Amino acid sequence: MRDEAAAQALAGLREAGIDFVSGLPDGWQRNLHELVEADPDIRYVPVCNEGVGFSVCAGAWLGGRKSALIMENSGLRVASEYIARISLGAGVPVVLLLSYRGDVGETEHWGIPHGIVVEPLLRALRIPYLVVRNVEDLKISIVRAFRISEAQLHPAAVLISGDCVWEDR
Amino acid sequence: MSLDRYGWLGRLAAAVPDDALVMSTYIGAVSFEWSALTSEHPRTAHLGQMGDVIGLAVGLALALPHRTVVCLDGDGSVLMELGQLVVMGQEAPDNLVVFVVDNEVYESIGSGEKGPRPTATAGTTDLAAMARAAGVPHAVTVQTAEELDREIDAAFFEGGCRFVDVRTEPGFAKVPPRQLDGFEDKYRFVRYVEHLEGIQILRLARQDRQLMERSDR
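Note that the coordinates shown come from a computational prediction; the quantities given were computed from them, not determined experimentally.

### Here's the deal with the pairing of strand 3 (residues 67-72) of chain A
Regular strands place side chains that alternate from one sheet face to the opposite one.
Residues and elements named next belong to chain A.
Then, in step 1: For strand 3, a buried count of 6 out of 6 residues is recorded, marking the element as mostly surrounded by other parts of the structure.
Then, in step 2: Taking every second residue as pointing to the same face, both faces of strand 3 are buried, with Ser 67, Leu 69 and Met 71 on one and Ala 68, Ile 70 and Glu 72 on the other.
Then, in step 3: Bridging between strand 1 (residues 20-23) and strand 3 involves 4 bridges; their strand directions are parallel. Note that in strand 3 the partner of Phe 20 across the bridge is Ser 67.
Then, in step 4: Inspection of the sheet shows strand 3 paired to strand 4 (residues 95-99) by 5 bridges, in the parallel sense. Of the residues in strand 4, the one forming a bridge with Ile 70 is Leu 97.
Then, in step 5: Crossover handedness for the path strand 3 to helix 4 (residues 74-90) to strand 4: right-handed.

### Digging into helix 1 (residues 3-16) of chain A
Residues and elements named next belong to chain A.
Then, in step 1: Between its terminal C-alpha atoms helix 1 stretches 20 Å, which fits the 20 Å expected from 14 residues at 1.5 Å a residue.
Then, in step 2: Within the span of helix 1, buried status applies to Ala 5, Ala 6, Gln 8, Ala 9, Leu 10, Gly 12, Leu 13 and Ala 16.
Then, in step 3: As for helix 1, its buried residues are in contact with strand 1, helix 2 (30-38), strand 3, strand 4 and helix 6 (135-152).
Then, in step 4: Gly 17 occupies a position one or two residues after helix 1 and carries a positive phi of about 95°.

### Some details on the interface of chain A and chain B
Then, in step 1: In this assembly, 27 residues from chain A lie in contact with 32 residues from chain B.
Then, in step 2: Secondary-structure elements contributing two or more residues to the side of chain A that touches chain B are strand 2 (43-46), helix 3 (50-62), helix 4 and helix 6 of chain A.
Then, in step 3: Considering every element that reaches the side of chain A that touches chain B, the biggest residue donor is helix 3 of chain A, with 9 residues.
Then, in step 4: When the residues that make up the side of chain A that touches chain B are grouped by side-chain class, the tally is 15 nonpolar, 8 polar and 4 charged.

### Topic: the sheet that holds strand 4 (residues 96-102) of chain B
All names here are of chain B.
Then, in step 1: One open sheet holds the 6 strands; their spatial order is 2-1-3-4-6-5, and the pairing between them is parallel. For this open sheet the edge positions go to strand 2 (44-48) and strand 5 (138-142), each flanked by a neighbour on one side alone. Averaged over all neighbouring strand pairs, the angle between strand axes comes to 20°, with direction disregarded.
Then, in step 2: As defined by bridge partners, strand 4 adjoins strand 6 (residues 162-167) across 6 bridges and the pair is classed as parallel. Within strand 6, the position partnered with Phe 99 by the bridge is Val 164.
Then, in step 3: Here helix 7 (residues 145-158) sits on the sheet and contacts strand 4, strand 5 and strand 6; the angle it forms with strand 5, its principal contact strand, is near 155°.

Thresholds, definitions, all that
- Residues numbered from 1 in each chain as written.
- Chains lettered and ligands numbered in written order.
- Predicted model: local features only at pLDDT ≥ 70, side-chain atom pairs only at ≥ 80, totals over all residues.
- Buried ≥ 20, exposed ≤ 12 C-beta atoms within 10 Å, placed from the backbone.
- Helix = DSSP H or I, 4+ residues; strand = E, 2+ residues; numbered from the N terminus.
- Pairing = 2+ DSSP bridges.
- Right-handed = clockwise from strand over helix to strand, strands pointing away.
- Expected span 1.5 Å × (residues − 1).
- Contact = placed C-beta atoms within 7 Å.
- Nonpolar A, V, L, I, M, F, W, Y, C, P; charged D, E, K, R; others polar.
- Axes fitted to C-alpha atoms, helices over the stretch in contact; angles between N-to-C directions.

Purely geometric stuff here, so don't read any function into it on its own.
This is how it looks when you write it as structure tokens:
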């Protein structure tokens, strides 16, 4: 994503009090992973599979950490098994930061299925979400997603797209 | 050779330190037996299911690095998500020991005329070798009570990140089934962790908190 968007996303995680982040880097959020990994106040755990990342985040929450999972929206499909088992089954909050591949403006054919599936899948999993296409909305959207995730003890998501990732104006 | 499950779970339950935490599979009779052996103590979270038990335990161990975390999983569950071994090996928390009830079958689904359905560990798959290859510093298979006792002693007296695949006879003890769902299990465990650690995990609603802060009585 654009560097200023990555900086705003990190600021949102920090303001929310997120201190544990797992994830699998993708083309859009790679720079955010780098910022999070370098942040001394956040424990960063890279994974090779978003489902494992969700389980690790949920375990960390049970131990008192505030956790977030950063991934491409394709990863939601992988993580959905564990979101269903852990969060629909027991009520564990994790903030999800998702690249919105396949959103209007997409340039890659392989991103299209990711865009088709992600919002219906979030609704099926009863995960409230915000679609953020402006950089200035990113920080507060992450803070708000964290607030509802803690209030409902269930994940909440931020889908990142638009001017956060493209410089096409 | 392999071990009687209720017997070896009993040896482990007696050895787990009082101040340790346990992340257990919720699947089937392992959970029921562990509950019976531990009087359903809230230090155990029965929140893990197929493919997520070790992942949950890794997260818990990283969140509380000063606290011993025991993970109790089954062979079918480990096999479902082998990526868990990768993150366990990568992070290698010194305070985490995983015990796998490896009975080589999918026992909780029941048996038909041909007997229980086998898992891959009944064939060519070696979970301890896979854990070692993923970077877990100490990963072994045990088949006798003596080997198990050595691993239990090492886990709780020497520490270190450990994976112990316990070859186990199929079959389960007659114990009462658990009556808790995941939500109640979560609340019990989290409240216990809050008390144990002196931390707050479940937060009071902000509006309620502000109301109380305004009280002048």
